[in-house]
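Secondary and tertiary structure notes
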Amino acid sequence: MAVLRYREALNAALREEMARDENVMLMGEDIGVFNGAFKVTAGLLEEFGEKRVRDTPISENTIVGMGVGAAMTGLRPVVELMTINFSLLAMDQIVNHAAAIHYMFGGQVKVPLVVRMPQGAGHQLGPTHSHSFEALFLHVPGLLVAVPTTAADAKGLLKAAIRDDNPVVFIEHEYLYGQRGDVPDDDDCTLRFGEAAIRREGGDVTIVGISRMALTSQRAATVLAEEHEIEAEVIDPRTLRPLDLDKILASVRKTNRCVIVEEGWPHGGVGANLAALVQEQAFDDLDAPVMRVTGADVPMPYSKPLEQIAFPHEPQVVDAVLATFRDL
Amino acid sequence: MAKPLADPPAEAKLPQPDVAREWLATMVLIRRFEERAGEMYAKAKVGGFLHLSIGEEATIVGSARALRDDDYLISTYRSHGHAIVRGTSPDAVMAELFGRVDGCSKGRGGSMHMFDLSRRFMGGYGIVGGNLPIAAGMALASDYRGLDEVTLCQFGDGASNQGTFGETMNLAALWRLPVVFMVTNNQFGMGTSLERHSAVTDLQRKGEGFGVPGMRCDGMDVLDTHTVTCEALRIAREERRPVLVEAVTYRFRGHSMADPEEYRTKDQVEEWRKRDPIEVFGDRLVAEGVLEEDERLRIDAQAVQRVDAAVAFADASEHPAPDSLYDDVYVLGEQVQGWYSVDERTPTPHRGEDERAMGGARLPAGGAYEQAVEQAAPESAGDKPADAAQDEAD
Ligand SMILES: Cc1ncc(C[n+]2csc(CCOP(=O)(O)OP(=O)(O)O)c2C)c(N)n1
Ligand SMILES: [Mg+2]
């Protein structure tokens, strides 16, 4: 075990996979000479050279598209997009191409592509740089979607993503880049997609937290225990496609209550989807409606106080949990 | 083109003395404003990304002064200067940086998203290349309505690699739209130098294949920039043809505030600084007797004073109220009577009468708003936490 920052864990995953397989190569804006906008790729150009670590022009749709083509013909490209908002420029290649190609060509060809990008509010980056779009990608059949929260998960899932033959949208979080955690050193330690982590055990309510919101949920759980004598079980799904619904349902069957916490918009969100699944499959086990805590239904404002109330903090999670107990 | 233009254009004749002095004063104001904005960022008064145009003032002032009042100007996330040159009060620009209600985008946009409709400054845009089609759309509207306004669209050398560049050039040429595209070639897109990001480095020629002829100006020379932009605007206005102007310039500061600048040498920066557009133009005005040395100092002192006032104004301006969070998501009217009429999660009837109160009712408890306000108070403004700065690399 080593203690690494989340960004360092991602860096280690890239380095190890590049060393392991010469077909792994990186493309992205300012990932080489500049070492990456968030320094995830620091040192890799020096170590692997310009053939394998490519600084690209600002051309998101095209660099993702080139990743698709290269992946179809034998490479394992990892494309970095500086911010999740810029993935919207590449939506055509991600949705119309990467996600569909294996299916529409009858399974003849694979697209082992990873597209990495950070998301999240809190740095006052305003309405074009601060959103959380995991729900957009969750919507698309053919894509795998990862939303790692810890340094260890970041490393294990990125390695797994690179080795997998499906296109993976790998969603990092700007707030998490600086967070430290224990990370296995073992080169072959990968994680499986579709395995949720139980961050805290409890019998009274199930809280599912997505991406950074898994941490917010854990802090809320502490408040619930200390101030309300409510023991929450906190689940971090880690990947949204595939989703470890079994673990979530098992928890709900035990607690009979479910609150879903995400940073993105409410309409058509991760919580909207998961709430539907939970009520379809565990309706009889529920003692209260499934609650959602989400980002505000607005483009992200720049103003710091406004931004702070536009994404969830512990008090909203606590309130939502208490609401599930209101009828008792 | 890592070096300043080898053969700067022959010195053109200066404009009228009062015009020349105004150009200098505006360049100085933009410089002092941005220097102060940088200091305010270090004190955590300004958040997010802060991109300064220091070094590029001649490009900004020379081109914008070629515009008529009814022409449109549209720019990027590096646009404090573009707002100021159009006449937006430095108070409103600084208040925007502070995220306050009196900011030119009411604190919603921040440094990257300045806007002033009344002066036809049609915005700074945070998505590289996003403003090009929008500019052509404005030109389409002018043309459609039979008006002889022109749109001037500023963007960077890096943006010329975005798909919107080629697509917009083609359409603007095809439909003969009155738009001037000005590529501000400051030699870098973030940390990637021009020759590492663009196959064609002679950027003025990059529109040719799409039917958009190019021109080049010395973007370190306010007069040359003005002359060339005037001609480009004339062609767009009278001949109904788009033009691509390359302004060759340099940013003296990092891409944004957290930029270690490992991608360029100190020598290169020094070489360009010798051509500081403000120094060079000021020297010339003094040499030609248009400006006395003490008047030059006075221009500078006035700019500093103006910026001091802008900081005081911004500091005194209120934060946007919590219950204004949902304002302006939609235009309210027949279809949308209140923001919550498009948000089915609201518990009570969907009517427009009590918009603000409903917003308040939905706002989270827990003090996140109050804490942020407190941190921004004059007495508690300290240095930005190192970790936050490190995470704000772009
Ligand atoms: C679509 C998109 N991709 C990437 C970025 C991140 N980014 C912001 S500025 C910038 C460099 C742009 O360079 P250039 O167009 O030359 O303008 P300059 O910053 O030099 O003024 C990049 C890559 C962005 N804002 N939008
Ligand atoms: Mg540039």
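Keep in mind that this is a model prediction, so the values were computed, not measured.

Thoughts on the interface of chain B and chain A
With 57 residues of chain B at the contact, the number on the chain A side is 48 residues. Summing the contributions of chain B and of chain A, the shared interface buries around 4,200 Å²; its carbon and sulfur component is 63%. Scanning the region where chain B abuts chain A turns up 2 salt bridges. The residue Glu50(A) makes a salt bridge to Arg196(B) at a minimum N-O spacing of 3.8 Å. Within the residue set of the side of chain B that touches chain A, elements represented by two or more residues are helix H4 (90–97), helix H7 (194–197), helix H13 (368–375) and helix H14 (386–391) of chain B. Per-element accounting of the side of chain B that touches chain A gives the leading share, 5 residues, to H13(B). Of the residues that constitute the side of chain B that touches chain A, the class distribution is 25 nonpolar, 20 polar and 12 charged.

Observations concerning the nonpolar core
In terms of nonpolar packing, the biggest core is built from 106 residues, with Phe170(A), Leu24(B), Met94(B), Leu97(B), Val245(B) and Phe281(B) touching the most fellow members. At 11 residues, helix H1 (residues 17–42) of chain B tops the list of elements feeding residues into this core. The residues touching Met94(B), leaving out its near neighbours within four places in the chain, are Phe33(B), Arg36(B), Ala37(B), Val307(B), Ala310(B), Val311(B) and Ala314(B). Within the second largest apolar cluster, 47 residues are counted, among which are Val109(A), Val115(A), Phe133(A) and Leu249(A).

A word on the sheet that holds strand E7 (residues 168–173) of chain A
Residues and elements named next belong to chain A. The sheet built from 7 strands is open, its strands ordered E3-E2-E4-E5-E7-E6-E12 with mixed pairing. Of all the strands in the sheet, the pair left with one neighbour each is strand E3 (53–55) and strand E12 (239–241). For this sheet, the mean inter-axis angle between neighbouring strands, taken without regard to orientation, is 20 degrees. By the bridge criterion, 3 bridges tie strand E2 (residues 24–28) to E3 in an arrangement that is parallel. Within the sheet, the bridge partner assigned to Leu26 lies in E3 and is Val53. Docked against the sheet, helix H3 (residues 60–72) engages E2, strand E4 (76–80) and strand E5 (114–119), running at close to 170 degrees with respect to E4.

A look at the site of ligand 1
Close to ligand 1 lie 23 residues, the nearest being Glu60(A), Tyr77(B), Arg78(B), Gly126(B) and Gly158(B). More than one chain reaches ligand 1: its neighbouring residues belong to chains A and B. Ala159(B) has a polar backbone atom sitting 2.9 Å from an oxygen atom of ligand 1. The contact in question runs from an oxygen atom of ligand 1 to an N or O atom on the backbone of Phe188(B), over 2.9 Å. Of the residues contributing to the shell around ligand 1, the split by class is 10 nonpolar, 8 polar and 5 charged.

Structural notes on a nonpolar patch on the surface
Residue and element names in this part refer to chain B. On the surface, Leu140, Tyr144, Leu171, Leu174 and Trp175 cluster together into a nonpolar patch covering about 590 Å² of accessible area. When contributions to the nonpolar patch are tallied by element, the ones reaching two or more residues are helix H5 (131–144) and helix H6 (163–174). By the element assignment, Tyr144 lies in helix H5. Residue class for Tyr144 comes out exposed when judged on its relative accessible area of 73%.

Details of the domain arrangement of chain A
All names here are of chain A. Looking at chain A, the domain boundaries give domain 1 (2–183) and domain 2 (197–323). Computed over C-alpha atoms, the centres of domain 1 and domain 2 are 26 Å apart. Each side of the interface is counted separately: domain 1 has 32 residues, and domain 2 has 27 residues. Of the roughly 2,500 Å² buried between domain 1 and domain 2 on both sides combined, carbon and sulfur atoms contribute 58%. For the pair domain 1 and domain 2, the interface holds 2 salt bridges. Between Asp153 and Arg238 there is a salt bridge; the shortest N-O distance is 3.0 Å. If you look at where domain 1 meets domain 2, you find 16 residue pairs in polar contact (both at pLDDT 80 or more). Elements with a contribution of two residues or more to the side of domain 1 that touches domain 2: helix H6 (134–138), strand E6 (144–146) and helix H7 (151–163). When its residues are assigned to classes, the side of domain 1 that touches domain 2 shows 17 nonpolar, 13 polar and 2 charged.

Here we look at the pairing of strand E10 (residues 205–209) of chain A
Residues and elements named next belong to chain A. Of all 5 residues that make up E10, 5 are buried, and the element is covered over most of its length. Where burial is concerned, the two faces of E10 agree: the one with Val205, Ile207 and Gly209 and the one with Thr206 and Val208 are both buried. Pairing between E10 and strand E11 (residues 232–236): 4 bridges, direction parallel. Among the inter-strand pairings, Val205 is bridged to a residue of E11, identified as Ala232. Taken together, E10, helix H8 (residues 213–228) and E11 constitute a β-α-β crossover, and its handedness is right-handed. Sheet analysis places E10 next to strand E13 (residues 258–261), joined by 4 bridges and oriented parallel. When the sheet's bridge partners are listed, Val208 is paired in E13 with Ile260.

Definitions and cut-offs
Residues numbered from 1 in each chain as written. Chains lettered and ligands numbered in written order. Predicted model: local features only at pLDDT ≥ 70, side-chain atom pairs only at ≥ 80, totals over all residues. Heavy atoms only, no water. Contact = heavy atoms within 4.5 Å. Buried area = accessible area lost by both parts, 1.4 Å probe. Salt bridge = Lys/Arg side-chain N within 4 Å of Asp/Glu carboxyl O. Helix = DSSP H or I, 4+ residues; strand = E, 2+ residues; numbered from the N terminus. Nonpolar A, V, L, I, M, F, W, Y, C, P; charged D, E, K, R; others polar. Core = buried A, V, L, I, M, F, W, Y, C linked by side-chain atoms within 4.5 Å. Buried < 20%, exposed > 50% of the residue type's maximum accessible area, 1.4 Å probe, protein only. Pairing = 2+ DSSP bridges. Axes fitted to C-alpha atoms, helices over the stretch in contact; angles between N-to-C directions. Near = heavy atom within 4 Å. Polar contact = N/O pair within 3.5 Å; in protein donor to acceptor, adjacent residues only side chain to side chain. Patch = residues over 30% accessible without salt bridge, like charges linked within 9 Å, V, L, I, M, F, W, Y side chains within 5 Å. Areas by Shrake-Rupley, 256 points an atom, 1.4 Å probe, with all protein chains shown as cover. Domains from an automatic or database assignment. Right-handed = clockwise from strand over helix to strand, strands pointing away.

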